[in-house]
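# Reading the structure
Chain by chain, the residues run as shown.
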Amino acid sequence: MKVILEAIDLTKVYKVGKIEVPALKGVSLKVREGEFISIMGPSGCGKSTLLHTLGGLCQPTSGKIIIDGEEISSARDAVRTDIRRRKIGFVFQRFNLLPTLTAKGNLEIAREIYGNGRDDKDHIHQILTLLGLENKVRHKPSELSGGEQQRVAIARAIINKPSILLADEPTGNLDTENSQVVLAMLQELNRKFNQTIMMITHNPEAAAVANRLIEMRDGKIVPHEHDVSWDAAKEDKIYI
Amino acid sequence: MSQSIVLANIFHRPMRSLATILAVGLEVALILTIVGLTQGIVMDSAKRIEGIGADIILRPPGASFLMATSAAPMPIKISEALYAVKGVRYVTPVLTELNSQGGLDLIYGIDLPSFNEVSSGFIFRSGSEFQDPMDVIIDDIYAHSRKLKIGDHVTFLNHSFKVCGIVEHGKGSRIYLPIQTMQNLMGVVGRASLMYIKCHSKQDVPEVTKKLKELLPGYTVLRTEEFVSQMSSAINDMAALRYFINLVTFIAALVGFFVIFLAMYTTITERTREIGILKSLGASKGYVLAVFMKEALSLCLLGFLFGILLSFGGELLIRKIFPSLQIVLGLEWIFKAAVIAVVSASLGAFYPAIRAAAQDPIDALAYEV
Ligand SMILES: Nc1ncnc2c1ncn2[C@@H]1O[C@H](COP(=O)(O)OP(=O)(O)OP(=O)(O)O)[C@@H](O)[C@H]1O
Ligand SMILES: [Mg+2]
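Residues numbered from 1 in each chain as written. Chains lettered and ligands numbered in written order. Predicted model: local features only at pLDDT ≥ 70, side-chain atom pairs only at ≥ 80, totals over all residues. Heavy atoms only, no water.

## What about the sheet that holds strand β8 (residues 196-200) of chain A?
Residue and element names in this part refer to chain A. Strand order in the open sheet formed by 6 strands is β6-β7-β8-β3-β9-β10, with mixed pairing between adjacent strands. Every other strand in the sheet has two partners, leaving β6 (88-91) and β10 (220-221) as the edge strands with one partner each. Here 2 bridges tie strand β9 (residues 212-217) to β10, and the two strands are oriented antiparallel to one another. Considered in β10, the bridge of Arg217 is made with Lys220. Running over the sheet, helix α2 (residues 77-87) touches β6 and β7 (164-168) and is turned about 80° from β6. (Pairing = 2+ DSSP bridges. Helix = DSSP H or I, 4+ residues; strand = E, 2+ residues; numbered from the N terminus. Contact = heavy atoms within 4.5 Å. Axes fitted to C-alpha atoms, helices over the stretch in contact; angles between N-to-C directions.)

Now the structure itself:
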C-alpha cells in the first residue's frame, strides 16, 4: 500500500530560556494509506510534539517528514501551512471549534480555507450522516454536548478529504459513552472512506480500535513486534 | 472569504462593537460638522454677497478673501473715477469689520443711497432707514437669533447702536452701520474696504472688468460669480482656518485609530485560540490578517454610516438652535471623511491583525483565556 507519510530520524528540542528540552529523540516511521494508528505512551514522552511536527504545526529540529510526496519538515512556514491546508486534518482533545460559529459555520470555514470552488454536497452530507450530525448543523458549540462537539470537529477535519487525520487524545475530554461513539465513528471513517488516521490516546481500549499501535517512551518509538515500519528490513511484510 | 466569521465576531461582543461604531461615528461627525460649519459660514456669506446684486467687486491689494478689514482700505474718492468708466452704472463703497461681539459676521458700513442703488434697496420687515449716526440696520435672522426689536440697543465696535430697521436677509451682511460712523470709529475717514459695482448691462461686465484692472493695477477686480466661486475655496487660502480644520481632522482620525486599535487588540487577545484553530485548519497569514482587517473595516463602515446620520442630525439641531449658522455637508467632505475613517481604522487594525497572523499555531492553541 502507498506510503502516505514518512518521518525519518525526527528530533525536536524545545528551548526554554537557555534550557534545552528534548521532546523527540530520533523518530522514524511510515504510515500507509488507510492505516488507523494509535499512539500511546506516558505523559511527556513526546506524543503531541510528534503529531504537531508531522502535521506541520511546528518544525522539527532535525530529520525529515514527507507527506504524500511533499517534504514538509524543512519548508518555510507558508509552505507548511499550505501543505497542512491541503493534506492534514487535526482533531484535538479540547474540540477546538470556533465558538462564535455554528456547527455548519465551522464546517464551512474549513471548506473556505481549503478553497475549492464548489461544495461537494454529497460528501458533506455523507459525513454529517455518518457522524450523526444532520440535526445539529445550526447549533453553536456551546449548545452541543462534548461528544457532539468532537464529532463536529472530526467532520471539520475530514471535510476536505485530507491525506491523514491527526487526532490528539480525541476522547480525552469525553465520558465513556461518548468516547465509544467517537471511536466507533473514527473506525467507520477509516473503513468507509479509507481515511488514514493517527490517534494519540491514553486509553488501551481506545487504542484497540486502531489496526496498529505505536508506543512511545522518552522521545522515541518503542520497537514493536507488530510494527513493521519500525524496522525497514521488515518493510515488505504484509500487515493490516 | 467568510463573511460569516467576520459578522460572528462582531456580534460576539455587541457592546464592544457598538462602542467602536459609536466612536468611529463621532470621529466622522466631528470632521463633517466642523468642516461643514466653516464651509457653511463661507457659503452663507458668499450667498449674501451674491444677494447684493452687484456685477463686480473691487478690493484693494492684499485684501483677504473673507473680507476682514485690510490694513489699507481704499479711498472712497476713487469711486468718482469708477463712475467715469464706460458701462459703470452704480458704485457703492463698503467698509467691513469683523463683529467681535460673537459670531463670525462681518459688519458692513454702508452709504445707504448708493448701496440701495446697487442692491435695488432693502426690504424692510419693520422700522426704516438710518435716522441717526448711531443707528443700526440688522437683518431678520440676526434680529430673531438675538431677539432684537426696533428701538433696542446693541453694542458694536464698543459703541451702543439703536436698531432702526430690520430688513430681509441676503444682502451682504446681517449688520449695517452708516459708513461715516464706522469710518470715524475705526479711524479710517474717507476709506472703504471694497466697492460693489453695478454695470448698465451684463454685456458691459467683461469690458468694465478689463478697464478697472488697467485703471487700478494691483487691485482685485472680480466678477461676482468669480468672487463667490473663489470664496468657496477660500477656506484653503486661510492658513489659520486650514490649520484648525487639519487639527480637528487629525484629532478625529487619532480617535478612530486608537478606538479601532484597542478594539482589535483586545479582540485578537481574546481570540488567540481561535487564531490557532484557523491556523491548524491551514489558514495562511493572509487569511488571518484578512479576517481581522475585515472585522475592523466592517466596524469602521458601520461607524461611518452612523457618523453620517449623526452629522445630519447635528445639522438639524444646529439649524434649530442657531438659525443664522449653516452647515454645508458636501459630498467631497463626506468622501474625505470616509477615507480618513478607513485609513485610521486600517492603521489601527494593522498591528493587531499582523500580530494575529504571526501567531505560532501551537502557542495559540495552548492559550488560556
Ligand atoms: N512548547 C514547549 N516548550 C517547552 N517544552 C515543551 C513544549 N511543549 C512540550 N514540551 C516538553 O516536551 C516534552 C514532550 O511534550 P508533549 O506534549 O509532546 O508530551 P505528550 O506525550 O503529548 O504528553 P501528554 O500525554 O501529557 O499530552 C515534555 O517534556 C514537555 O514538557
Ligand atoms: Mg499531549
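## Here we look at the domain arrangement of chain B
The domain architecture assigned to chain B consists of domain 1 (2-42 + 239-365) and domain 2 (61-218). Placing the centre of domain 1 of chain B and that of domain 2 of chain B at their C-alpha centroids yields a distance of 47 Å. (Domains from an automatic or database assignment.)

## What to know about helix α3 (residues 103-114) of chain A
Residue and element names in this part refer to chain A. The terminal C-alpha atoms of α3, which comprises 12 residues, lie 17 Å apart, in line with the 16 Å expected from a rise of 1.5 Å per residue. Within α3, the full set of buried residues consists of Ala103, Gly105, Asn106, Leu107, Ile109, Ala110, Arg111 and Ile113. Gly115 sits one or two residues past α3 and shows a positive phi near 75°. (Expected span 1.5 Å × (residues − 1). Buried < 20%, exposed > 50% of the residue type's maximum accessible area, 1.4 Å probe, protein only.)

## Comments concerning the sheet that holds strand β5 (residues 70-71) of chain A
Residue and element names in this part refer to chain A. Taken in spatial order, the 4 strands line up as β2-β1-β4-β5 in an open sheet, and their pairing is antiparallel. Among the strands making up the open sheet, the edge pair consists of β2 (19-32) and β5. For strand β1 (residues 3-16) and β2, the ladder comprises 11 bridges, and the chain directions are antiparallel. Among the inter-strand pairings, Leu5 is bridged to a residue of β2, identified as Val31.

## Considerations on the packing of aromatic side chains
Residue and element names in this part refer to chain B. Evaluation of the coordinates by the stated rule reveals 13 aromatic pairs over all chains. Where Phe261 meets Tyr351, the ring centres are 6.2 Å apart and the plane angle is 20°; that geometry is what we call stacked. Of the two residues, Phe261 sits in helix α9 (residues 239-270) while Tyr351 sits in helix α12 (residues 331-358), which places them 90 residues apart along the sequence. Judged by relative accessible area, which is 43%, Tyr351 ranks as partly exposed. By the ring-pair criterion, three or more aromatic residues cluster together here, those being Tyr108, Phe115, Phe122, Phe124, Tyr176 and Tyr196. (Phe/Tyr/Trp six-rings, centres within 6.5 Å; stacked < 30°, edge-to-face > 60°.)

## Thoughts on the site of ligand 1
Residue and element names in this part refer to chain A. The local shell around ligand 1 holds 13 residues, among which Ser43, Gly44, Lys47, Ser48 and Thr49 are the closest. The backbone of Cys45 places a nitrogen or oxygen atom 3.3 Å from an oxygen atom of ligand 1. In the model, an oxygen atom of ligand 1 is placed 2.8 Å from a nitrogen or oxygen of the Lys47 side chain. Here ligand 1 has 630 Å² of accessible area as a free molecule, and 64% of this is covered by the chains. When contributions to the shell around ligand 1 are tallied by element, the ones reaching two or more residues are β1 and α1 (47-54). By residue number, the principal contributor to the shell around ligand 1 is α1, which donates 3 residues. Across the shell around ligand 1, the residue classes break down as 5 nonpolar, 6 polar and 2 charged. (Near = heavy atom within 4 Å. Polar contact = N/O pair within 3.5 Å; in protein donor to acceptor, adjacent residues only side chain to side chain. Areas by Shrake-Rupley, 256 points an atom, 1.4 Å probe, with all protein chains shown as cover. Nonpolar A, V, L, I, M, F, W, Y, C, P; charged D, E, K, R; others polar.)

## Brief notes about the side chain of Asn9 of chain B
Tracing the backbone through its elements, the reader meets Asn9 of chain B in helix α1 (residues 3-12). Classification of Asn9 of chain B as buried rests on a relative accessible area of 3%. Non-local contacts of Asn9 of chain B, meaning those with residues more than four positions away in its chain, are made with Thr100 of chain A together with Arg271, Glu274, Val291 and Glu295 of chain B.

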